[in-house]
Amino acid sequence: MSQVDEVLPGGIGGDNNSGDSGDVEQLALAAADSGCNLPVVSSKEASSAMEKITAAAGVTIVAASAAESDETGLDGTAEAATESVAVALARRAAHDGDGYEPCDPLIILNLFQSLSTTTNSLELQMKINLHLKKLTKSPYVFLVPILHSSEEGLIQVINDNVLDKEIRFSINSTHLKNTSQQNGYPFVIDDLNKDFSEVIEMVVGNKYNTLIYDIKSPRVSKLQTQISTSSTSSTASFDGGSMATQQHCNSANCSNNGSSRSSNSLLQQQIALFVCIAGDNESRSRFQFYIDDTFRYVLGHLLTAFDLFEEKRVRYQCQNLLQVARRLLGKIGDLGQLLRGVMTEAKELAAAERCSLFLLDKQTGELVSKVFDGNEASKEIRIASGKGIAGYVAQTGNLLNIRNAYQHPLFYKGVDESTGFKTRNILCFPICDEQGVIGVAQLCNKLNGFHFDKCDEEVATAFSVYCGISIMHALVHKQVQKAEARYKLSQELLLYHMKVPDTEIQHVLEAVNAHEADQFAMDLPRFDFCPRDVKNYALSVQLSIKMFYDLNFVTTFQIPEDKLARFILLVQKGYRDTPYHNWWHAFSVAHFAYSLMVNLKLIENGVITKMQGFSFLIAAFCHDLDHRGTSNTYQTQSSSPLARLYSSEGSVNERHHLSQAICILNDSSSKILDSLSTEEFKECIDFLRDLILATDLANHFRIMPYLKRLRPENLSEGSNQRLLLSLMITCCDLSDQVKSWRTVQHVAHLVYAEFFAEGDLEKQMGLRPNTMMDRKKACIPVLQIEFLTMVVRPTFEILAQIFPETRYFLETIDSNRQQWVDIKETGVCSRTSDCCENCYDTCN
């Protein structure tokens, strides 16, 4: 069934009147009320239509001259005129009137044509107002569309003047709905609310008596089995602020409520809009005739335009809120600035005179405000939980729109009395995050209006979401800033206690210049040199500095010798006194990196760049900075501060080592990267990050398939250089296993001392430690055999595959593995609770 069929009871051609002019009139009226688009006819068809009008209605119409046509606004083509509307006009001219002269059909056609060219509700209102004003000769006419979703009236246009700011006011739901249909009479306004009378007086004053007509829409009752298409209206007069009501039934309505219509088929209608027009009681019936005569054709199109206007308003509101959110999120770095921004945006969005913002103190339950109306308060204001309007909103989480503040029981007049400010109305709404209410915003005194309306409530509700997100992020950002400040303080404290006296720097430099390390200088580059044999801290520092000189990094990167000495001493002090992961481990790893670059001529042969080699040596020294002697697994299981800081990224220990390395490198007294350009500095830090993170064996196993593809001929392809650096730093980290058997034994003792200490800690936490960390279950020879077989040898096999001159490392690994096999086979390791102690004795 078409929309027109739904509007007409019984459809087209019902009640034995199929095809007559009465059906045509109802079709035209129904189409106009429903907002249907009727077909446009040509001038020739329009002329034919006019002839049919005269024949059907028995009315003689004299053809107008060209000048007369111009005066009426009806152009020669009659583009918007339709035969259906024309026939309807003729029927109306023949049968309607109630003694009043009907409007010229050409004027109605002209109005219908002009309205059909636009969907702008403001333009439509202006045209209809001027049309009615011309017919009634009234000083003013304006329309008040009703927004049923918000139960509000809307005033935008007076005559043809658009108001600077539209006026919205509440219309009680009882004024909009039909509650009775006694004796076939339509709904009557029995009590227009006070707001309506105040609004009318504000808009047009009280010089003239204002008649108010309600226009109902039949489109709202699609569920009715039978509906009426008549446009009925009730009238009420406004005179100097008083309202009077009167029942009225026009002729069209009475004719449509004949004996054939039963009481249960009457239409349950809603008011679509009010028509306000200046006039007296004598003019009421005549005005009503013209209003009914007009709106039976234009109501549908007008209501569609109002719907479109509301949709555009909502879309603009959403776009405006997104811009507000963008501005607010740009201020989350400063909570005070954000709160001032929130109040400014809230005032502008709702057109309020003042705004207050309170944040909820979750410890005390109080609302706290340090900013009032955009200004810093001399002292913070606190409101107890549940007290006053703001307290009530915070407690309930519900928006509160108070139209008369002094009549509300929660309003406290004392503030107004002390400040002299007059509070008329209040809009108070909660600001929430995912967990609940975090604050309350309170707007006072609606500007250019009587009170805050439903539109303001919608804006406030949406705005509160953006406020909640912004404030939540600002609070989190503030916590992060505090955490960063505490971190910087702790770093400063660490560096202060790690501080190297200038006298110590001077002593180191003098020793280097005096060649006190010459006894080790000749053997230092050799792979079989054992850094752990040095045993003297000062000497190890001198040898470390020598590595930078031998590789020509000091000259290439313009490193001041005092900064280099301080850097090495700070790194040395940055290692804790743990059994294995201490300075001597770092010194050993750095030495092996140095040996690889010297013996394999990695930089000279172009295998790696100077920057990569420089980063490689720094990473070797710093790769275990501030190691606590526990594994990544333990850090995660114990929820340590390191785990809370880095667990989401993985490689907890390694990321901490990297952070400590960057901290030392950024210290002005040890900034050995100071001569690098910005791009070179970024490149060096990138390599440093990759290399230190690569010392996590979990990462090593992850990239093992890619490492196995490395060959001398493909090292320069794609990411293979980074893979090579990762491989070499892992070999450096495992380099103790390619030293002499005596060193391997000693290192194993140190490693398992750490492992067993971690196992003891895990037992204290109620956890079951890994076998290698349980001193009651671990068998060191077995574990070492497995470690050499599964980890060490496969890694050095890849290195030997790339650099054949390192193949003898595999022979050393096999020899050391055989030593562990011999210990295991001698029966010393009995796998009893005393196993590890016996192994230690045998190893030493």
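Scroll up to find the structure this text is about.
Residues numbered from 1 in each chain as written. Predicted model: local features only at pLDDT ≥ 70, side-chain atom pairs only at ≥ 80, totals over all residues. Heavy atoms only, no water.

(A) Representation of helix α15 (residues 502–513) in the model. The end-to-end C-alpha distance of α15 is 17 Å, a good match for the 16 Å that 12 residues give at a rise of 1.5 Å each. Of all the residues in α15, the buried ones are I505, V508, L509 and A511. Down the axis, α15 shows its buried residues gathered within 160° of arc, on one side only. Relative to its buried face, α15 has exposed residues pointing more than 90 degrees away, namely D502, T503 and N513. Against the buried residues of α15 lie α17 (537–550) and α19 (561–574). (Helix = DSSP H or I, 4+ residues; strand = E, 2+ residues; numbered from the N terminus. Expected span 1.5 Å × (residues − 1). Buried < 20%, exposed > 50% of the residue type's maximum accessible area, 1.4 Å probe, protein only. Arc of directions from axis to C-beta. Contact = heavy atoms within 4.5 Å.)

(B) Structural view of the packing of helix α20 (residues 583–599) against helix α21 (residues 610–622). Remark: α20 packs on α21, axes separated minimally by 7 Å, with the N-to-C direction vectors making an angle of 160°. With respect to α21, the element α20 is oriented roughly antiparallel. In the crossing of α20 with α21, the sense of the turn from one axis to the other is right-handed. Residues W583, A586, V589, A590, A593, Y594, L596 and M597 of α20 lie in contact with α21, whose contacting residues are G613, F616, L617, A620 and F621. Residues of the contact of α20 with α21, tallied by class, amount to 12 nonpolar, one polar and no charged. (Axes fitted to C-alpha atoms, helices over the stretch in contact; angles between N-to-C directions. Parallel < 35°, antiparallel > 145°, perpendicular 65-115°, else oblique. Left-handed = near helix turned anticlockwise from the far one by under 90°. Nonpolar A, V, L, I, M, F, W, Y, C, P; charged D, E, K, R; others polar.)

(C) Quick peek at unusual backbone geometry. Even without being a glycine, N159 presents a positive backbone phi close to 55°. Inspection of the secondary structure puts N159 in the loop between β2 (152–158) and β3 (161–170).

(D) Summary view of the environment of C276. Inspection of the secondary structure puts C276 in strand β7 (residues 270–278). The spacing of C276 and Y213 is 63 residues in sequence and 6.5 Å in space, taken between C-alpha atoms. In this view, C276 contacts Y140, V141, F142, V144, F196, I200, T210, L211 and I212; residues no more than four positions away in its chain are not counted.

(E) Molecular detail of a nonpolar patch on the surface. Taken together, L329, V465 and I469 make up a surface patch of nonpolar side chains, about 230 Å² in accessible area. When you line up the elements, L329 lands in helix α10 (residues 284–329). On the basis of relative accessible area, L329 is assigned to the partly exposed category, the value being 41%. (Patch = residues over 30% accessible without salt bridge, like charges linked within 9 Å, V, L, I, M, F, W, Y side chains within 5 Å. Areas by Shrake-Rupley, 256 points an atom, 1.4 Å probe, with all protein chains shown as cover. Salt bridge = Lys/Arg side-chain N within 4 Å of Asp/Glu carboxyl O.)

(F) Geometry of the packing of aromatic side chains. Inspection of every chain in the model, using the stated rule, returns 23 aromatic pairs. Ring centres 4.4 Å apart and planes at 10° place the aromatic pair F557 and F614 in the stacked group. With a gap of 57 residues between them, F557 in the loop between α18 (553–556) and α19 and F614 in helix α21 connect regions that are remote in the sequence. Of the residues examined, F557 reaches a relative accessible area of 7% and is grouped as buried. Centre to centre, the rings of F592 and F796 are 6.4 Å apart; their planes meet at 75°, and the pair counts as edge-to-face. On the criterion of sequence distance, the pair formed by F592 in helix α20 and F796 in helix α30 (residues 780–802) is long-range, its members being 204 residues apart. (Phe/Tyr/Trp six-rings, centres within 6.5 Å; stacked < 30°, edge-to-face > 60°.)

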